[in-house]
Amino acid sequence: MNILEPNATFAERQAYFEAIKQRDKDANEGDTPQTAQVVPIKSGGPTLPNAPGENNKQNTRAALADAAREASKQAALDDLEAVVSHYTTFSAQTGETLAIIKSGRVDVVPVQSEAFGRRLKLDLFHHTGKTPSNTHLELLKDLTLERAEHRVRRVYKRIAQNGDNIILDLGDNEGRRLRVTAQGWQVEPGGEDFLFRRGKSYGTIDVPEATGDAREAWRWLRPLLSRVPKQEHFRLVAWLVASALSEADYPIVLLVGPEGSAKSTLAQNLATVLDPPQGLLPTVSTGSAKDIIAGIQGRHVCVLDNAPGKLNGDIEDTLCRISTGAQFEERLLYTNFDVASAELHAPLIVTAISHPFRQRDTRNRTIAIEIEALRDGFKRRTDVVDEIEHAIGQIRGAVLFFISTYLRHRDTILALETIPHRMVDWAVAGEAIARELGAEPGKFFAQIERKQRDDASDYLEGDLVGAALLRALQHWAAQAEKTEDLPANAKLQDLGWVAVQNAQGELTIIATPTAIQKELMQRTLGNIINLPNTARATTGAIQRLQGVLNRAGIRATSGRSKKARWWTFTCLLEVLTAVCPKIDAHSG
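Quick caveat, the model's predicted, so the values are computed rather than measured. Each chain has its residues counted from 1, running along the sequence as written. A pLDDT threshold of at least 70 governs which residues receive local features in this predicted model, and a stricter bar of 80 or more applies before side-chain atom pairs are shown or counted, although totals over entire chains, interfaces and linings include all residues. For side-chain calculations, the full set of non-hydrogen atoms in the structure is used, while hydrogens and water are omitted.

Peer 1: Describe the overall build of the protein chain, listing the residues and the values that go with them.
Peer 2: Here a helix means four or more residues in a row that DSSP labels H or I, a strand means two or more in a row labelled E, and each is numbered from the N terminus. A tally of helices and strands in the protein chain yields 19 helices and 22 strands. For the protein chain, with 588 residues in total, the buried portion stands at 47%. Of the roughly 30400 Å² that the protein chain leaves accessible, carbon and sulfur atoms contribute 50%. For each residue, the accessible area found with a 1.4 Å probe, counting protein chains only, is set against the maximum for its type, and the residue is called buried under 20%, exposed over 50%, and partly exposed in between. Accessible areas in this description were obtained via Shrake-Rupley with a 1.4 Å probe; residue shielding takes into account the shown protein chains only.

Quick look at the structure:
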């Protein structure tokens, strides 16, 4: 558009004249004349020829602008580098990148966490005097991840272990910790040799009282065990010792009792001995397996309070994995191949009104303790907590004494004894404590075996196939031949079963799956539709019960030849009678 036209706007005319003034000013500064070029001042508007030397000026200004931008980028990068250099970053055993923070004590936090992001913002503000943007924050995190050490370092929650050295983090501002050995325990300053990840509810531990006498240590535990049946004291104290071993398998403590029996209070007191919270004790939801996995990440000892009467199989499988230790991995949201990883290993305390576990594997890992209803009236919860708080120094001192006891006796017990339970460290701890208190060798192991038989008996009596199988075995045992010789194959082929009993009262019952299946149909008190209806299905049902039968004292083994398959059941008659003491008329 020509500015002389009547419809030219005022702004267009003004822009044109301003451009001419600027051209003349540049020409008077002594630029070398060059061939004029035509550049548009405005799209669709008037044009203006360039003054001589204007191209050089534009190139110079562009170069200076580029240089300024590069210098600004480098300065910003230097600022980021200076902030990141203050942190040591590494990969934990789960693959997560963590940063070490030193502020009176050594802490570790995930690089991708909000807490670390806030700290990076604060450090960058102190370094530059400017409030960093979200872009700067993401660059800081990316740079931190890029500079992380490739070596893997183990991170602990409250308790660490290195051979015969047990390290208990006190959680105070100085980062102090307790080192427990076979000779005793002592307080020592913190450092980077053992790294602890402290969650939001991480509480502090005061230095406990010390004792060198086993009986005094046992008396110190009385306030903690006041609501626990006396016959369960050894099993529960052994669990407290095992929970201080970061490399051990942890039995699941199950507190079963009616409402108002102070199960939750007892669970809280047990959990706070070695892993106290800051404020109220957080409990883990039993809504789903993922809720449980998330809930155990911030604490060493975890409580699942008021579990329902029956937990689904997925939750029970997760509890088993947490008990013995496992690694959980799942695909990250909004990604195809990236995974999130979490460590599953923690001592668990579960409270319930009735036994919530149905799977044999879960029950075999469980210390089930029945808590009786209160008989002497109720107390305020705060009063009960205050009583434990008043005695907690002695309680912790007693537990530390028995941890040392375990470390002193462990190798001797492992070398000379056959361990009767899959939770080896817990069983050895109980045996060591019993011996330190003057009990005969093997006393705690005998208690474990009795408890396993009782629990297996309860399970078999409540299982349709198991109960029918016990009645079938009792029926055959009543017809057992008194002899020292094994039964002949001819009788097995004729009847499908044989039974003999030697002079020591040991029963040997051999039966084919077909004979067992027929006997189950006759001996069941339930719906026969739910029983196995073929020999193959019967074999599968017995295989699923093998572990429970063995714990009940009935050894079940299978054998086969080219033409037949059979099951052999071996036990003492008194064991079989104890496992199923009541025989109704239907069992013959």
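Peer 1: Could you give me a rundown of the confidence of the model for the protein chain, with the residues and numbers involved?
Peer 2: pLDDT expresses how confident the predictor is about each individual residue, on a scale running from 0 to 100. Residues with a pLDDT of 70 or more make up 84% of the protein chain, whose mean pLDDT is 84. By mean pLDDT, the top-scoring element of the protein chain is helix H5 (residues 214-220) (97), and the lowest-scoring one is strand E1 (residues 38-40) (44). By definition in these notes, contact holds between two residues if any of their heavy atoms fall within 4.5 Å. Confidence drops under a pLDDT of 50 for residues 31-48, and excluding neighbours within four residues, the segment shows 41 contacts in the predicted structure.

Peer 1: Explain the side chain of Ser 246 to me, and be specific about the residues and the numbers.
Peer 2: Mapped onto the elements, Ser 246 comes out in the loop between helix H7 (233-242) and strand E12 (252-256). In this structure Ser 246 comes out as buried when scored by relative accessible area, which is 8%. Those residues in contact with Ser 246, other than ones at most four positions away along the chain, are Tyr 156, Ile 159, Ala 160, Gln 161 and His 345.

Peer 1: Any chance you could break down the pattern of salt bridges for me, citing the residues and the numbers?
Peer 2: Salt bridges, as used here, are contacts in which a Lys or Arg side-chain nitrogen is within 4 Å of a carboxyl oxygen on Asp or Glu. Under the counting rule described, the total for this entry stands at 26 salt bridges. One salt bridge in this structure joins Arg 197 and Glu 96, with 2.9 Å as the shortest N-O distance. Separated by 101 residues along the polypeptide, Arg 197 in the loop between strand E11 (195-196) and H5 and Glu 96 in the loop between strand E3 (88-91) and strand E4 (97-102) bring together distant segments of the chain. The partly exposed category is assigned to Glu 96, whose relative accessible area is 28%. The partner of Arg 176 in a salt bridge is Asp 172, and the shortest N-O contact between them spans 2.7 Å. The exposure class of Arg 176 is partly exposed, given its relative accessible area of 32%.

Peer 1: Explain the pairing of strand E7 (residues 159-162) residue by residue, including any values.
Peer 2: Note that E7 and strand E8 (residues 165-169) share four bridges and pair antiparallel. The residue of E8 that forms the bridge with Gln 161 is Ile 166. Here E7 folds back onto E8 in antiparallel fashion, the turn holding two residues, of which Gly 163 has a positive phi close to 65°. In short, DSSP must find at least two bridges between two strands for them to pair.

Peer 1: Explain the packing of helix H13 (residues 424-436) against helix H14 (residues 443-462) to me, using residue names and the numbers behind them.
Peer 2: Interaxial angles span 0 to 180 degrees and are taken between N-to-C directions of axes, which are lines fitted to C-alpha atoms, for helices over the stretch in contact. For the pair H13 and H14, interaxial distance at closest approach is 7 Å and the crossing angle is 135°. Judged by the angle between their axes, H13 and H14 are oblique. Contact residues: Trp 426, Ala 427, Val 428, Gly 430, Glu 431 and Ala 434 in H13; Lys 443, Phe 444, Phe 445 and Ile 448 in H14. Of the residues that constitute the contact of H13 with H14, the class distribution is seven nonpolar, one polar and two charged. In what follows, roughly perpendicular refers to angles from 65 to 115 degrees, roughly parallel to angles under 35, roughly antiparallel to angles over 145, and oblique to any angle outside these ranges. Polarity classes work like this: nonpolar for Ala, Val, Leu, Ile, Met, Phe, Trp, Tyr, Cys and Pro, charged for Asp, Glu, Lys and Arg, and polar for all others, with Gly in that last group.

Peer 1: Run through the sheet that holds strand E21 (residues 555-560), naming residues and quoting values.
Peer 2: The strand order across the open sheet formed by five strands is E18-E19-E20-E22-E21, and the pairing between neighbours is mixed. One side of each edge strand has no neighbouring strand; the edge strands of this open sheet are strand E18 (481-482) and E21. Direction of pairing for strand E19 (residues 497-501) relative to strand E20 (residues 506-511): antiparallel, over a ladder of five bridges. By the bridge assignment for E20, Gln 501 is matched with Leu 507. Where helix H17 (residues 513-523) meets the sheet, its contacts fall on E20 and strand E22 (565-572), and the angle it forms with E22 comes to roughly 65°.

Peer 1: Outline the environment of Arg 360, listing residues and values.
Peer 2: On the secondary structure map, Arg 360 appears in helix H11 (residues 360-364). Take Arg 360: its relative accessible area is 26%, and that puts it in the partly exposed class. Along the backbone, Arg 360 and Ala 456 are 96 residues apart, and their C-alpha atoms lie at a distance of 8.8 Å. Among residues more than four places away in sequence, those in contact with Arg 360 are Tyr 459, Arg 544, Leu 545, Val 548 and Arg 551.

Peer 1: I'd like a rundown of helix H3 (residues 114-128), residues and numbers included.
Peer 2: Working rule for helices: expected span equals 1.5 Å times residues minus one. End to end, H3 covers 21 Å across 15 residues, agreeing with the expected 21 Å (1.5 Å per residue, within 8%). Considered for burial, the residues of H3 that qualify are Phe 116, Gly 117, Leu 120 and Leu 124. Along the long axis of H3, the arc covered by the buried residues comes to 100°, so they all point the same way. What points out from H3, more than 90 degrees from its buried face, is the exposed set Glu 114, Arg 118 and His 126. One or two steps after H3, the chain reaches Gly 129, where phi turns positive at roughly 75°. Picture the helix axis, draw a direction to every C-beta atom, and the arc is the one those directions span.

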